[in-house]
Amino acid sequence: MIKTLPKTYEDYVVNGWTRCENSKTDMGSNMCFFNISVFDLNTLLTENVDLILHSENVMKSIDEYMDSFISVLLIDKDGYILMEKKNKDALTDSDINLPVGGRFTERFNGNTAMSTSIVENKPICLAGEEHYCRVYYDYSTLSAPIYFNGEIIGLLAAIGRKSKDIKNTLGMMAAAAKAISIEYEADRTNKQIIEKNKCESAIVDTMTDGVLTVDKDGFVTFMNQVGAEILCVNRESSIGRHISDVVDFKPVILDVLKTGKGYIDKEFLITKKTGEKIHFIKTAVPIKDEKGNIVTVVDTFRKIKRVNKLLNELNGAYANFNFSDIIGSSIKIQDCLSKAKAASGSVSNVLITGESGTGKELVAHSIHSSSDRNNQPFVSINCGAIPRELLESELFGYEPGSFTGASNKGRMGKFELADGGTIFLDEIGEMPMDMQVKLLRVIQDRKLTRIGGNHVFDLDVRVIAATNKDLFEQCKNGRFREDLYYRINVLHVNLPPLRERKEDITELIHYFINKLNVKMNKDIMDISQAAMAKIMSYSWPGNIRELENTVERAVNLCNGGIIGEEDIFIENLREESHTYSTDAEGRHKNMDIVSENEIEPLEDVEKRAIERALNISGGNITITANLLKVTRNTIYNKMKKYNLSGE
Ligand SMILES: Nc1ncnc2c1ncn2[C@@H]1O[C@H](COP(=O)(O)OP(=O)(O)OP(=O)(O)O)[C@@H](O)[C@H]1O
Ligand SMILES: [Mg+2]
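Residues numbered from 1 in each chain as written. Chains lettered and ligands numbered in written order. Predicted model: local features only at pLDDT ≥ 70, side-chain atom pairs only at ≥ 80, totals over all residues. Heavy atoms only, no water.

## Considering the pattern of salt bridges
Tallying each qualifying case throughout the model produces 32 salt bridges. In this structure, R481 engages D483 in a salt bridge whose closest nitrogen and oxygen atoms are separated by 2.8 Å. Salt bridges linked by common partners bring D50, D187, R188 and K191 together as one network. (Salt bridge = Lys/Arg side-chain N within 4 Å of Asp/Glu carboxyl O.)

## Here we look at the side chain of T467
Relative to the helices and strands, T467 is located in strand β16 (residues 462-467). A relative accessible area of 2% means that T467 is categorised as buried. Discounting residues that sit within four places of it in the chain, T467 has contacts with L351, I352, T353, G354, K360, I428 and G429. (Helix = DSSP H or I, 4+ residues; strand = E, 2+ residues; numbered from the N terminus. Buried < 20%, exposed > 50% of the residue type's maximum accessible area, 1.4 Å probe, protein only. Contact = heavy atoms within 4.5 Å.)

## Notes on a nonpolar patch on the surface
A contiguous nonpolar patch, built from V285, I287 and V295 and spanning about 210 Å² of accessible area, is present on the exposed surface. Within the secondary structure, V295 is located in strand β10 (residues 294-303). (Patch = residues over 30% accessible without salt bridge, like charges linked within 9 Å, V, L, I, M, F, W, Y side chains within 5 Å. Areas by Shrake-Rupley, 256 points an atom, 1.4 Å probe, with all protein chains shown as cover.)

## Brief notes about the sheet that holds strand β17 (residues 491-495)
Ordered in space as β12-β13-β16-β11-β17, the five strands form an open sheet in which the pairing is parallel. Each edge of the sheet is formed by a strand with only one pairing partner; in this case those strands are β12 (378-382) and β17. Each strand of the sheet is rotated relative to its neighbour by a mean of 15°, with strand direction disregarded. Relative to strand β13 (residues 422-426), β12 runs parallel, the two being bridged by five bridges. Note on β13: the bridge partner recorded for S380 is F424. Across the sheet, helix α12 (residues 331-344) touches β11 (350-354), β16 and β17, and the angle it forms with β17 is around 150°. (Pairing = 2+ DSSP bridges. Axes fitted to C-alpha atoms, helices over the stretch in contact; angles between N-to-C directions.)

## Focus on the sheet that holds strand β8 (residues 263-271)
Paired through their backbone hydrogen bonds, the strands of a sheet run either parallel or antiparallel. Sheet architecture is open: five strands sit in the order β7-β6-β10-β9-β8, paired in antiparallel fashion. A single partner strand is all that each edge strand has here, and the edge strands are β7 (220-223) and β8. With direction set aside, neighbouring strand axes in the sheet form an average angle of 25°. Along the sheet face, helix α11 (residues 304-315) touches β8, β9 (277-288) and β10 and points at about 60° away from the line of β10.

## Regarding the pairing of strand β2 (residues 81-86)
Strand direction decides the pairing type here: strand β1 (residues 71-76) and β2, joined by five bridges, are antiparallel. Note that in β2 the partner of V72 across the bridge is K85. Between β1 and the antiparallel strand that follows it, β2, lie four residues; G79 among them carries a positive phi value of about 95°.

## So, the packing of helix α24 (residues 621-628) against helix α25 (residues 632-641)
The geometry of α24 relative to α25 is characterised by a closest axis approach of 8 Å and an angle of 100° between their N-to-C directions. Classed by the angle they form, the pair α24 and α25 counts as roughly perpendicular. For the pair formed by α24 and α25, the contact residues are I621, T622, T624, A625 and L628 on the first element and R632, I635, Y636 and M639 on the second. When its residues are assigned to classes, the contact of α24 with α25 shows six nonpolar, two polar and one charged. (Parallel < 35°, antiparallel > 145°, perpendicular 65-115°, else oblique. Nonpolar A, V, L, I, M, F, W, Y, C, P; charged D, E, K, R; others polar.)

## What to know about the pairing of β13
When you tally the buried positions in β13, you get five out of five residues, the bulk of the element. Of the two faces of β13, both are covered, the one formed by T422, F424 and D426 as well as the one formed by I423 and L425. Pairing of β13 with β16, which is carried by four bridges, proceeds in the parallel orientation. Pairing of I423 across the sheet is with V463, part of β16.

## Notes on the environment of T631
On the secondary structure map, T631 appears in the loop between α24 and α25. Along the primary structure T631 and D26 are separated by 605 residues, whereas in three dimensions their C-alpha atoms are 123 Å apart.

## Comments concerning the domain arrangement of the protein chain
When cut into domains, the protein chain gives domain 1 (11-189), domain 2 (207-311), domain 3 (316-495), domain 4 (498-579) and domain 5 (602-641). Between domain 1 and domain 5, the C-alpha centre-to-centre distance is 108 Å. (Domains from an automatic or database assignment.)

## As for the site of ligand 1
Near ligand 1 lie 17 residues; those nearest to it are S356, G357, K360, R545 and E548. Within the contact set of ligand 1, an oxygen atom lies 3.1 Å away from a backbone nitrogen or oxygen of E361. About the coverage of ligand 1: the protein hides 87% of its 630 Å² of free accessible area. When contributions to the shell around ligand 1 are tallied by element, the ones reaching two or more residues are α13 (360-370), α19 (505-520) and α21 (543-557). Taken together, the residues of the shell around ligand 1 break down into seven nonpolar, four polar and six charged. Each of domain 3 (316-495) and domain 4 (498-579) gives at least three residues to the shell around ligand 1. (Near = heavy atom within 4 Å. Polar contact = N/O pair within 3.5 Å; in protein donor to acceptor, adjacent residues only side chain to side chain.)

Have a look at this one:
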């Protein structure tokens, strides 16, 4: 039925009727619609608990206006009644039934001030016949939206007898709704700040860097646990104190307050009054107010060891092999490995010697992997591969601007990076003499100064060196410093060449075939006897590396499941073979290729053997005698003969 228009109505009234007509609202319906389960009612109230709490006071304070109303209501954004305040003096009216959980919807109850204020987004008052449904004709409804962040979250509404005066209370209703909005908003913002603070301090606490803030006068305003640990101070008692009273060294953060300038990743080495050194990298950020005055300085810092650990992890500076990767059951290699294993249990420096490709690097890694430093860095440097001008800075690092071409930030050297772990000085025989002096000093003093620097860093680095040169010979020729030689040659592991342990070849070949099968997705099962004989007839000057390459080539060439003679391709085989003679069964009689000028007089060999044993034993005659399997007397006599000194 179309409602007739006896007088001019406001647009929002007419629009409300149109909506009701469109949704075919029954004009004879109730004031509100109640069809909510206990469960849904509980959910509704729980979801709106903040709104209810913040509205309670305001609803109480409406008391003085209460005479104009029958009921004051708090309604949620969907039209559900959350709270009702009844005027006890008002006449009970059989039409008025507005329970909590009841709902105003235009579809069922027609237009009301409540539904209209949501649509119009403003406070509304509807009187009598301005309502679509007849049940409201004797009443007025008022409603003012409650906002949060610009969105309607609820309504403060009232219902009263239809009268002219009631419209005058709309301003009060709007003010009250605004008061609720403000209180709600303030509380929410507060809660958000608390959450944010909680979240920020959780972030700062999980950071692995130390964080410290000071105010403009240098008083500590914040410190996280890591920061307290790095600075060796108590976190709680530090806050509120002046930074100079917190740490027992001159706090560098004070310079930032003085200069107003921050920095990123600057390195500091600080000596505490106790003599203990703290070496760290830090970033300081001054925070200024709109006038440009510093209000706080945020300082983040991390110990250099942690930085190094990260650098080493990124650079792959860790040991990749262990003893189980070293193949070979021959007595020679097993002897050698037992020495290497003994070396991993010791902290002394180790010298690994052996021809090229005999596995020196593999053994160096394995010694570190089995040592109690295995969680610490393993830093390798090939002394022969780095230009001599760069070797010093590579090893010891440099301070900014210490030489042309140096980066303006300075750099740490390999020794510093290896702190706590092992440095592997490969091809040490190639090290220039002047560098040998410097190296000796560092190894001896366990202290280091960067090029162009004056800080002295304490070092805890284990040295493993390797060479394919005869360093002792080089010492005699003046190409290697004897003092350095003795320093690094505390423990000596000499790797036998492959030609001296041909019994390991079969095992090595099978090991490489298995490895390559996986790598190249092949399925090679074995190697023929003829192929094996070809391999055995060669002297392997390139040792295991050359053998590995030969097997790799064969695996590539091999079409079936078994490597044949034709798959074995050894470049120098023809030139080589003349140095061998074979017996009737085709076995090689002399495995070693020895040219005439390599033969040494027996006495020289004996002298060298004694010298080496003395080195290994650290001059201990009993150990020397045991090593050489002779009596102590023999050693004394020979030492006299060759003019050698012992302990
Ligand atoms: N006993 C072994 N078992 C398995 N593989 C080995 C063995 N010895 C060496 N290898 C392998 O041989 C190759 C050469 O070894 P490594 O690099 O350790 O030799 P090196 O003595 O350091 O040689 P160079 O003097 O030329 O530097 C590597 O691929 C290594 O994995
Ligand atoms: Mg090597």
